[in-house]
Amino acid sequence: MPRRSRFPAIAFIACAPFLASCDRDEPPVASPVVEERETRTAWIDAERIRNADAEPHNWLAHGRTFSEQRYSPLDQVNTDNVGNLELAWYLDLDTSRGQQATPIVVDGVLYSTSAWSKVQAVDAKTGRLLWQYDPQVPGIWDVRACCGVQNRGAAIWQGRVISATLDGRLIALDAVTGELIWEILTTDQAQSYTITGAPRIIGDKIIIGNGGAEYGVRGYVTAYDLETGEQVWRFYTVPGNPADGFEDDTQAMAAETWTGEWWAQGGGGTAWDSFAYDPELNLVYVGTGNGSPWPRSIRSPGGGDNLFLASIVALDADSGEYRWHYQTTPGDTWDFTATQHMILADLEIDGQQRQVLMQAPKNGFFFVLDRETGELISAENFVPVNWATHIDMATGRPVEAIDARYDETLAAKKIAPGPAGSHNWHPMSYNPDTGLVYIPARQAPLVYKRDEEFEPRPIGANLGVNTWDPPGEIIDLPEEFMPEFQGMLLAWDPVEQKEAWRAGQPLFENGGVLSTAGNLVFHGTADDRLKAYNAQSGEQLWSTDTQSGVLAPPITYSIDGEQYIAVVAGWGGVYANLLGVVLNADGKRENISRILAFKLNGDAELPARPAPPEAPEAPAIFGGEEQIAAGGSLYGKSCAICHGVAAISGGVLPDLRRSPMIGSAEAFHSVVIDGAMVDRGMAGWSEVLSDEDAEAIRAFIVFMANQ
Ligand code: CA
């Protein structure tokens, strides 16, 4: 049960002179009395976010404004002087499992989150930690999360920091003290729902989604009352079992697009990251995820579009009622989520002023929609793709390549993009000065082959796809897709639907983006850098060593007349874990999680990088060819998603090839089967793996350690 809120007393004081506006039917209105606001810490509400441009020194919401443009009007740091940008302060974080947060800055205090759903308040001028809240997420939740234990940020509302935890809780903290005010459970903890996304303020409510489409859950989003934490509405992104009765007509309509017993595997469609809110239209936009499991032929064997997978769904912000949807990938079978960043902007298209919503989802097409009606205005691919030839503007649907449905052809096919997507959660930025959208884009194809022996497992991801070691021949990609793995900052003209410029990056998994009125674009990269580009030309103007790969998007704010650029550095996430073979080929990657803030002529300095640990001698190879091969196959299915393909660590989790555990069957089994390290996130796998299986996996890792 939620603890009773302390808000009503405060609300009464705030509203006393304006009783008429404190009616229950109306959102609480921010007091226009400036003296009052100044005495209240972190006093953000929907009205203040709507007027965010009146206080560009703050960063009041996840995307700075409701438009989620991640563009700042601050211009003290600009193309002329960005070369003088230096470190102002840094703060080491006590968790290094990958950082993805967008901090909020209000009146000199920076509120961030870190891995394991921890929340920090930091003096934004000095970097001094004011408080940290640890929601004590049990380690077992690591294995229920496809993609690491990251968190992408908090929202602030009237003196409270509101954040979600990996194990499904929504919590409200006192912004001054960090004390817990209320906490509510938003998911059924018996299922593998996880939350890594940031909640968003929508009027007088807060909305939160969840993840778990790789683990057999049914996706939904919930809006809660900000005062009490009580549920106001819930919208399911896929229909449930018809025998249980549908929640409403929209669910019945969606069920028409499914076949078979889709509900048995949850259906997926989880909204794990992106939301946007248009206060004028009173619409909230929800980006939804992939199907559970991945191949449509398993989940919905008679075909169908499978609404609302891989879609942008517009809901009435007050009631949660369905208004419209656009499905970016009908009948998804490739993990092509549409959970990616959505940007709202007003653009002139064909001589007409249009209110648009823009998204570059995983599937590689850049979509421009009318955000009032959901009408598709335009769509072009922003990197090469081979699953579809184009989007047919007459039907609004992709024209799929003839053999793209690997789950129907049953062939192993390399598809571009793969499940990493042409663009993932890493936020983009729209700069109204240049009219360009800056996309942290990439090429990352992968082999898909339907797992013909698919059986859902009680632990570990249930993809239904054999991506790591498909037997038989693989249909490869043509030459134009090489090199396969490429990362780039792409400046995209959303009106012309074409590339303006690109800045290639050494590795494919890079960070989110910020653009500013200083004609700058800031972008953190996998090669341990924060870089600044001329927003118009793409010329790189500045770069600094972050000592760790950057995934999170930078933000900017100013205090006492000085502009700061801040970013939470820290390597991690699913591709950092999975594809060490690509992202950490030399094995030298380290992860140091920190908040870094830069200003003109800052005078702080990072400590020297710690020396990398010496690699221990590998134990002697044991087991025959057969046992090692069997271990490799089991490893691919159960271990690779966290510990890396071919046992090559991405630099976040321990490199198993160097682990002292692999030298002893007893020690290895105590961890892998009995769960001796469950508090650190390594669950015991006795439900899925036998002692013999564990020994085969050990033989495989020892073999790899000797390569
Ligand atoms: Ca997914």
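This text goes with the structure placed above it.
Now for a description of the structure that goes with this document. Here the structure is a predicted model, which is why all the values come from computation and not from measurement. (Residues numbered from 1 in each chain as written. Predicted model: local features only at pLDDT ≥ 70, side-chain atom pairs only at ≥ 80, totals over all residues. Heavy atoms only, no water.)

**Overview of the side chain of aspartate 332**
- Summarising the element assignment, aspartate 332 is placed in the loop between strand E20 (322-327) and strand E21 (342-349).
- Despite its burial, aspartate 332 pairs with no opposite charge; the closest candidate is arginine 299, at 4.9 Å N-O.
- Within the structure, aspartate 332 has its side chain in polar contact with the backbone nitrogen of aspartate 335 (distance 3.3 Å).
- Those residues within four positions of aspartate 332 in sequence are excluded, and the remaining contacts are Asn290, Gly291, Trp294, Arg296, Arg299 and Ala310. (Helix = DSSP H or I, 4+ residues; strand = E, 2+ residues; numbered from the N terminus. Buried < 20%, exposed > 50% of the residue type's maximum accessible area, 1.4 Å probe, protein only. Lys, Arg positive; Asp, Glu negative; His and termini not counted. Salt bridge = Lys/Arg side-chain N within 4 Å of Asp/Glu carboxyl O. Polar contact = N/O pair within 3.5 Å; in protein donor to acceptor, adjacent residues only side chain to side chain. Contact = heavy atoms within 4.5 Å.)

**Things to note about the nonpolar core**
- One finds Tyr285, Trp387 and Tyr635 to be the most contacted residues of the largest nonpolar core, which totals 74 residues.
- Ranked by residues supplied to this core, first place goes to helix H12 (residues 691-705) with eight residues.
- Among the nonpolar cores identified, the runner-up in size contains 54 residues, and Phe66, Val106, Ala164 and Ala175 belong to it. (Core = buried A, V, L, I, M, F, W, Y, C linked by side-chain atoms within 4.5 Å.)

**Points about the sheet that holds strand E36 (residues 529-534)**
- Taking strand neighbours across the sheet as the criterion, the five strands line up as E1-E34-E35-E36-E37 in an open arrangement whose pairing is mixed. Strands with a single pairing partner mark the edges of an open sheet, and in this sheet they are strand E1 (71-72) and strand E37 (540-545).
- Sheet analysis places E1 next to strand E34 (residues 513-516), joined by two bridges and oriented parallel. The residue of E34 that forms the bridge with tyrosine 71 is serine 515. (Pairing = 2+ DSSP bridges.)

**Details of the coordination of the calcium ion**
- Within the protein, the calcium ion binds to Glu214 (OE), Glu214 (OE), Asn290 (OD1) and Asp335 (OD); these donor distances fall in the range 2.4 to 3.1 Å.
- Summarised as a motif, the one-chain spacing of the donors to the calcium ion is E-x75-N-x44-D. Remark: asparagine 290 occurs in the loop between strand E17 (283-287) and strand E18 (291-292) and glutamate 214 occurs in the loop between strand E12 (205-208) and strand E13 (220-225); sequence separation between them is 76 residues.
- Given a relative accessible area of 9%, glutamate 214 falls into the buried group.
- Residue classification places asparagine 290 among the buried positions, given a relative accessible area of 2%. (Donors = N, O, S within 2.8 Å, 3.2 Å for Na, K, Ca; no water.)

Functional significance is not addressed by these values, which are geometric in nature.
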